[in-house]
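Working through the structure, step by step
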Number of protein chains: 2
Amino acid sequence: MNLKDLAASLGLSQTTVSRALNGYPEVSEATRKRVAEAALRHGYRPDSRARSLATGKAMAVGLVLPMTARQEIVNPIFADFVAGAAETLASRGYDIVMSLAGEEEQTQIYRSMLSKGRVDGMIMQAPLTGDRRIGLLKQLGMPFVVHGRVSDHDDEYCWMDIDNRHAFHTATDHLLDLGHRRIALLNGIEAMDFAHRRRDGFLEALAERGLTADTALMASEAMTEHYGHREAARMLRLPDPPTAFLTSSLLVAMGAQRAIASRGLRMGLDVSVVTHDDGLSYLPNGEPDAPIFTATRSPVHDAGHICAEMLLRLIDAPQTAPFHTKLEACLVLGPSSGPAPNL
Amino acid sequence: MNLKDLAASLGLSQTTVSRALNGYPEVSEATRKRVAEAALRHGYRPDSRARSLATGKAMAVGLVLPMTARQEIVNPIFADFVAGAAETLASRGYDIVMSLAGEEEQTQIYRSMLSKGRVDGMIMQAPLTGDRRIGLLKQLGMPFVVHGRVSDHDDEYCWMDIDNRHAFHTATDHLLDLGHRRIALLNGIEAMDFAHRRRDGFLEALAERGLTADTALMASEAMTEHYGHREAARMLRLPDPPTAFLTSSLLVAMGAQRAIASRGLRMGLDVSVVTHDDGLSYLPNGEPDAPIFTATRSPVHDAGHICAEMLLRLIDAPQTAPFHTKLEACLVLGPSSGPAPNL
DNA sequence: AATCATCCTCAAAGCGCTTTGGACACTCGA
DNA sequence: TCGAGTGTCCAAAGCGCTTTGAGGATGATT
């Protein structure tokens, strides 16, 4: 049942039916009611393509599924981020069109998005340092916002990011204040821009106290539990082991926790752990009021919300100058961090 | 730059340009080359809506982001599943349109998918026992395949599922063979069909050896690490604690592992743990050759592949009778399970 | 020279919707 | 009685593509 048929069955023109359905004022209340009722009865649904073609709006935004750089690992953040974004978008009638950023050439990846009309804008995730996709998107003239950012070109596009440098600076300060001097950093892959910033924040905080990092206490890898376990275990076996771990995700922290426990040490007493916590719904940091890990927390679900909100704003007014949102992660104190031993 | 302009700039008709671009034989090789070259130079991209309207194919499939029943928890499986599906779909030129299954009425949820023409078919995930969405999809006459299934109406629609009952039967047998008699089940939410089946497999295996389950050793909740920890810790404090845990996800197993360790017990020696492992890329079960947990393994990434493949088949031939894929999970042996103590 | 395949190309009719620019009937004040 | 104003409705022109049914060149065949 299309508009033509519906109009015919009502003895009205397509124009009138369309207007009645879309709430235009040029239609009498009686007619509108009659049309609405018939549409419901016949299960009429406008064809989104036709409507989109006529209006010029796709009512959809594109999202590229990020794969952690060069790894076959799907970003665990994705599900919560997209859930957040989807809530906002759905409430405004927008759909999400997903593509997979695989190994092929970037240009090729954005192929389907680019086929004009599929989407009104895009959200880009997990930018690498010096990511070239941003140039590509700008060149295409499609509205987009980046979740995260690329250091060099901060002000040329819209982004939403947490202050990763500040977060890790704060976290490091926290450990330094507790008397820790040998602090290990279990970071994510530092080709990712956020991991790079976190490392900077860590080093900065150390430097401010006149400390230099021990490269033997720094690791950078895809953020799995196994990685956290392996590296923490290795570091704890060192002649001069760390008294604290700063990790980039809850999974890594859990791995570190396991390494600490299996060495007969007590987390929070013998060895401290501070982590970043993306607030993933399926990976909560203890009970809401009783966190297990001391953490810099910033729910990625909220990030999804905000990115979507920004993108919709940009779509409504494509010519506005680039704008940004920077979120501060808050430091949540848990039992996993405590005074450095031997003090 | 649209087809009309491109044709004009070449002094050709739209027909010829369209045919040249889409590989129809009625165009001379010379013309085709000339057209392709001009299209590239002008950065011409066909409008997907217009093309879709003309061909009747949307070249996209719908995917509903599942939320674990009544919980605000995003299914951690989602990211890997969708990555798998996206690979297959992308290779065939299909996009993915996502919607969020929120709290509203189901009918409302499928709204955008239903607006005709958005998608050619759908993949439904995480069905509940007696899920009504299936009836809805059937009634709509849109091709769909279900990841998982709903017990009562197995043969009325296409589904892909792992043999959850058999997997948990096997896992339970494994523990029984090792001499365990008090086995705890840390299951997912049993409103989910798969969790229900797992429980059945567990109980069946016990029954076959003349054992009955102790309800104090059975829990059912959203599958988080915290849940695994809390429930395992509680059960280990019982007067007659379990000697083995059977858990529904790696995260839960990790929680149990933590509970075991913090009680000063050794996993695999004092207490065994067997889990189901969805093979999530960001949550590997140890090293590829050295798993940590004994597990029934079935990568959800592959499930995504298969579901997509099935859906494409269904889209190509919508009238075929419902067909199914049942995958067997394989039992991976790790150091987390061993002979029951006191034997 | 006329006929006929064989290529290559085209004009035009959709696909299903929105939207522009009236048309028609009716009311109301002058 | 007229003109303007108002409230409803409509025909038709797009939106950008694919596809049908023909048409104009060629060169080969009669």
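Scroll up a little and you will see the structure.
Overview of the structure. Because the structure is a prediction, the values reported are computed rather than measured. (Residues numbered from 1 in each chain as written. Chains lettered and ligands numbered in written order. Predicted model: local features only at pLDDT ≥ 70, side-chain atom pairs only at ≥ 80, totals over all residues. Heavy atoms only, no water.)

A short note on the overall build of chain A
- Along the backbone of chain A there are 13 helices and twelve strands.
- Over its C-alpha atoms chain A spans a radius of gyration of 25 Å, topping by over 25% the 20 Å that the globule rule assigns to 343 residues.
- Principal axes of the C-alpha set define a box for chain A whose edges measure 90 × 40 × 30 Å.
- Put simply, of all contacts in chain A between residues at least 6 apart along the chain, 67% involve residues at least 24 apart.
- Taking the 35 positively charged and 41 negatively charged side chains of chain A as two groups, their mean positions are separated by 6 Å. (Helix = DSSP H or I, 4+ residues; strand = E, 2+ residues; numbered from the N terminus. Rg over C-alpha atoms; globule rule 2.2 N^0.38 Å. Contact = heavy atoms within 4.5 Å. Lys, Arg positive; Asp, Glu negative; His and termini not counted. Charge placed at Lys NZ, Arg CZ, Asp CG, Glu CD.)

Examining the protein's contact with DNA strand C
- The environment of DNA strand C is made up of 27 residues, and the closest members are A:L3, A:S18, A:R19, B:S13 and B:T15.
- Contact distances for DNA strand C include 2.9 Å between a phosphate oxygen and a side-chain N or O atom of B:T16.
- When residues of the surface near DNA strand C are traced back to their parent elements, those giving at least two are α2 (14–21) and α4 (48–55) of chain A together with α2 (14–21) and α4 (48–55) of chain B.
- Each residue belonging to the surface near DNA strand C can be placed in one class, and the counts come to nine nonpolar, twelve polar and six charged. (Near = heavy atom within 4 Å. Polar contact = N/O pair within 3.5 Å; in protein donor to acceptor, adjacent residues only side chain to side chain. Nonpolar A, V, L, I, M, F, W, Y, C, P; charged D, E, K, R; others polar.)

Notes on the protein's contact with DNA strand D
- Surveying the vicinity of DNA strand D reveals 27 residues, the closest of which are A:T15, B:L3, B:S18, B:R19 and B:Y24.
- Near-protein atoms of DNA strand D (within 4 Å) split between backbone and bases, with sugar and phosphate holding 64%.
- B:S18 has a polar side-chain atom sitting 2.6 Å from a phosphate oxygen of DNA strand D.
- For DNA strand D, a phosphate oxygen lies 3.1 Å from a polar atom in the side chain of B:R51.
- Contributing elements (two or more residues each) for the surface near DNA strand D: α2 and α4 of chain A together with α2 and α4 of chain B.
- Looking at the surface near DNA strand D, its residues break down into nine nonpolar, twelve polar and six charged.

Observations regarding the interface of chain B and chain A
- Listed as interface residues are 56 residues of chain B and, on the opposing side, 56 residues of chain A.
- Surface buried jointly by chain B and chain A totals about 4,800 Å² across both partners, of which 62% is contributed by carbon and sulfur atoms.
- The interface formed by chain B and chain A includes four salt bridges.
- A salt bridge links B:D95 to A:R118, with the nearest nitrogen and oxygen atoms 2.5 Å apart. (Buried area = accessible area lost by both parts, 1.4 Å probe. Salt bridge = Lys/Arg side-chain N within 4 Å of Asp/Glu carboxyl O.)

Quick look at the relation of the copies chain B and chain A
- With an axial shift of 0.1 Å and an RMSD of 0.1 Å, the rotation relating chain B to chain A amounts to 180°. This pairing of chains is accounted for by a two-fold axis.
- In this assembly, 100% of the residues forming the interface of chain B have copies in chain A that are likewise at the interface, indicating an isologous arrangement. (Least-squares fit on C-alpha atoms with pLDDT ≥ 70 in both.)

Focus: helix α3 (residues 29–42) of chain A
Residues and elements named next belong to chain A.
- In a regular helix each residue adds 1.5 Å, so 14 residues correspond to 20 Å; α3 covers 20 Å between its end C-alpha atoms and thus fits that length.
- Along α3, the residues classified as buried are T31, R32, V35, A38 and A39. Projected down its long axis, α3 carries its buried residues within an arc of 135°, all on one side. Residues of α3 that are exposed and angled more than 90 degrees away from the buried face: E29, A30, K33, L40 and R41.
- Where the residues of α3 are buried, they touch α1 (3–10) and α2. (Expected span 1.5 Å × (residues − 1). Buried < 20%, exposed > 50% of the residue type's maximum accessible area, 1.4 Å probe, protein only. Arc of directions from axis to C-beta.)

Describing the packing of aromatic side chains
- Inspection of every chain in the model, using the stated rule, returns four aromatic pairs over all chains.
- Ring centres of A:F78 and B:F78 lie 6.3 Å apart, and the angle between their planes is 5°; on these two criteria the pair is classed as stacked. Here B:F78 lies in helix α5 (residues 78–91) and A:F78 lies in helix α5 (residues 78–91), a pairing that spans two chains.
- We classify A:F78 as buried; its relative accessible area is 0%.
- In this structure, B:R313 is placed above the aromatic ring of B:F323, and the distance from its NZ or CZ to the ring centre is 4.1 Å. (Phe/Tyr/Trp six-rings, centres within 6.5 Å; stacked < 30°, edge-to-face > 60°. Lys NZ or Arg CZ within 6 Å of the ring centre and 35° of its normal.)

Regarding the pairing of strand β4 (residues 144–147) of chain B
All names here are of chain B.
- Of the two faces of β4, the one holding F144 and V146 and the one holding V145 and H147 are both buried throughout.
- Examined bridge by bridge, strand β3 (residues 121–125) and β4 share four bridges and lie parallel to one another. Bridging across to β4, M122 finds its partner in F144.
- In this fold, the crossover linking β3 to β4 by way of helix α8 (residues 133–140) has right-handed handedness.
- Looking at chain direction, β4 and strand β5 (residues 158–162) are connected through three bridges and run parallel. Each bridged residue has a counterpart across the sheet, and for V145 the counterpart in β5 is C158. (Pairing = 2+ DSSP bridges. Right-handed = clockwise from strand over helix to strand, strands pointing away.)

A word on α5(A)
Residues and elements named next belong to chain A.
- Between the first and last C-alpha of α5 there are 20 Å, a value that for 14 residues agrees with the 20 Å anticipated at 1.5 Å per step.
- The buried count for α5 comes to eleven of 14 residues, which makes it a mostly enclosed element.
- Those residues of α5 lying buried are F78, A79, D80, F81, V82, A83, G84, A85, A86, T88 and L89.
- Two residues or fewer past α5, G93 is found with a positive phi of approximately 85°.

Points about the pattern of salt bridges
- Using the criterion set out here, one finds 44 salt bridges over all chains in the structure.
- Residue A:R230 pairs with A:E231 through a salt bridge whose shortest N-O separation is 3.0 Å.
- The class of A:R230 is partly exposed, set by a relative accessible area of 30%.
- A residue is classified by how much of its surface remains accessible, and A:E231, at 10% relative accessible area, is buried.
- The partner of B:E37 in a salt bridge is B:R41, and the shortest N-O contact between them spans 2.7 Å. Residue B:E37 and its partner B:R41 are located together in helix α3 (residues 29–42), separated by four residues, close to a single helical turn.
- What makes B:E37 partly exposed here is its relative accessible area of 43%.
- Where salt bridges share partners, they join A:E221, A:R230, A:E231, A:R234 and B:E287 into one cluster.

Points about the environment of B:P318
- With respect to the helices, strands and loops of the structure, B:P318 is situated in the loop between α13 (300–316) and β11 (324–327).
- With 84 residues separating them along the chain, B:P318 and B:R234 place their C-alpha atoms 51 Å apart.

Here we look at the nonpolar core
- One finds A:F78, A:I96, A:M98, A:F245, B:F78, B:M98 and B:F245 to be the most contacted residues of the largest nonpolar core, which totals 129 residues.
- A:M122, B:A60, B:M124 and B:L137 belong to the second-largest nonpolar core, a separate cluster that totals 28 residues. (Core = buried A, V, L, I, M, F, W, Y, C linked by side-chain atoms within 4.5 Å.)

Considering unusual backbone geometry
- Positive phi, normally seen in glycine, also occurs at A:M59, with a value near 55°.
- Residue position: A:M59 is located in the loop between α4 and β1 (60–65).

As for the side chain of B:T88
- As for its placement among the helices and strands, B:T88 is situated in helix α5.
- Leaving out residues up to four positions away in the same chain, B:T88 has contacts with B:H305, B:A308, B:E309 and B:L312.

Regarding the packing of helix α9 (residues 164–177) of chain B against helix α10 (residues 193–208) of chain B
All names here are of chain B.
- Interhelical geometry of α9 versus α10 gives an angle of 40° and a closest axis separation of 7 Å. By the angle between their directions, the pair α9 and α10 is classed as oblique. Crossing of α9 over α10 shows right-handed handedness. For the pair formed by α9 and α10, the contact residues are N164, R165, F168, H169, T172, D173 and L176 on the first element and F194, R197, R198, D200, G201, F202, E204, A205, L206 and E208 on the second. (Axes fitted to C-alpha atoms, helices over the stretch in contact; angles between N-to-C directions. Parallel < 35°, antiparallel > 145°, perpendicular 65-115°, else oblique. Left-handed = near helix turned anticlockwise from the far one by under 90°.)

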